[in-house]
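# Chain and residue survey
Listed below, chain by chain, are the residues.
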Amino acid sequence: MTTPAKPLIEFPTLFPIKVMGQKVDGFVAALVAVARCFDPGFDEASIELRPSKAGNYLGVTLHVTVTSREQLDELYRTLSTHPMVKVVL
């Protein structure tokens, strides 16, 4: 008898999501709005910002509490299809 594999992520969990986009006004606010749709208690103080060397792009790490794999997948889809977002990791 085989033991079921342990899930890679145990939910709920505080999950870091890295997002990149052009460094424009409203970019971080747009990401916060998306994060709050999935995590109403999202803490803006947890955001990490990293500008590109030339200063044209901004890397943003969001720490979002997710409660299921489906919620995490939907968060990635929502961020990936946002018009201001170039990459989600």
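First things first, this report covers the structure right here in the doc. Predicted model, so just to flag it, every value in this text is computed and none were measured.

## Points about the overall build of the chain
When its secondary structure is counted, the chain shows two helices and four strands. Buried positions account for 33% of the 89 residues belonging to the chain. In the chain, once contacts between residues fewer than 6 apart in sequence are set aside, the share between residues at least 24 apart is 68%. Treating the 9 positive side-chain charges of the chain as one cloud and the 9 negative ones as another, the clouds have centres 9 Å apart.

## Observations concerning the environment of Phe 11
With respect to the element layout, Phe 11 can be found in the segment before β1 (13-22). Looking at Phe 11, the relative accessible area reads 29%, which means it is partly exposed. For Phe 11 and Ser 68, which are 57 residues apart along the polypeptide, the C-alpha to C-alpha distance reads 5.8 Å. Contacts of Phe 11, omitting those with residues within four sequence positions, involve Val 66, Thr 67, Ser 68 and Arg 69.

## Comments concerning the nonpolar core
In terms of nonpolar packing, the biggest core is built from 21 residues, with Ile 17, Val 19, Leu 31, Leu 62, Leu 75 and Leu 79 touching the most fellow members. Secondary-structure elements contributing two or more residues to this core are β1, α1 (27-38), β3 (57-66), α2 (69-80) and β4 (85-88). It is α1 that contributes the most residues to this core, six residues altogether. Beyond its immediate sequence surroundings of up to four residues, Ile 17 is in contact with Val 60, Thr 61, Leu 62, Leu 72, Leu 75, Tyr 76, Leu 79, Val 88 and Leu 89.

## A short note on the pattern of salt bridges
Using the criterion set out here, one finds four salt bridges in the structure. Of the charged contacts in the structure, one is a salt bridge between Arg 69 and Asp 73, with a shortest N-O distance of 3.1 Å. Here the residue Arg 69 and the residue Asp 73 both occupy positions in helix α2, the gap between them amounting to four residues, near one helical turn. The class of Arg 69 is partly exposed, set by a relative accessible area of 45%.

## Points about unusual backbone geometry
In this model, Phe 11 is joined to Pro 12 through a cis peptide bond whose omega is -5°. Along the chain, Pro 12 falls in the segment before β1.

## Digging into a nonpolar patch on the surface
Where nonpolar side chains cluster on the molecular surface, the patch consists of Met 20, Tyr 57, Val 87 and Leu 89 and spans about 350 Å² of accessible area. When you line up the elements, Leu 89 lands in the segment after β4.

Rules of the game
- Residues numbered from 1 in each chain as written.
- Predicted model: local features only at pLDDT ≥ 70, side-chain atom pairs only at ≥ 80, totals over all residues.
- Heavy atoms only, no water.
- Helix = DSSP H or I, 4+ residues; strand = E, 2+ residues; numbered from the N terminus.
- Buried < 20%, exposed > 50% of the residue type's maximum accessible area, 1.4 Å probe, protein only.
- Contact = heavy atoms within 4.5 Å.
- Lys, Arg positive; Asp, Glu negative; His and termini not counted.
- Charge placed at Lys NZ, Arg CZ, Asp CG, Glu CD.
- Core = buried A, V, L, I, M, F, W, Y, C linked by side-chain atoms within 4.5 Å.
- Salt bridge = Lys/Arg side-chain N within 4 Å of Asp/Glu carboxyl O.
- Patch = residues over 30% accessible without salt bridge, like charges linked within 9 Å, V, L, I, M, F, W, Y side chains within 5 Å.
- Areas by Shrake-Rupley, 256 points an atom, 1.4 Å probe, with all protein chains shown as cover.

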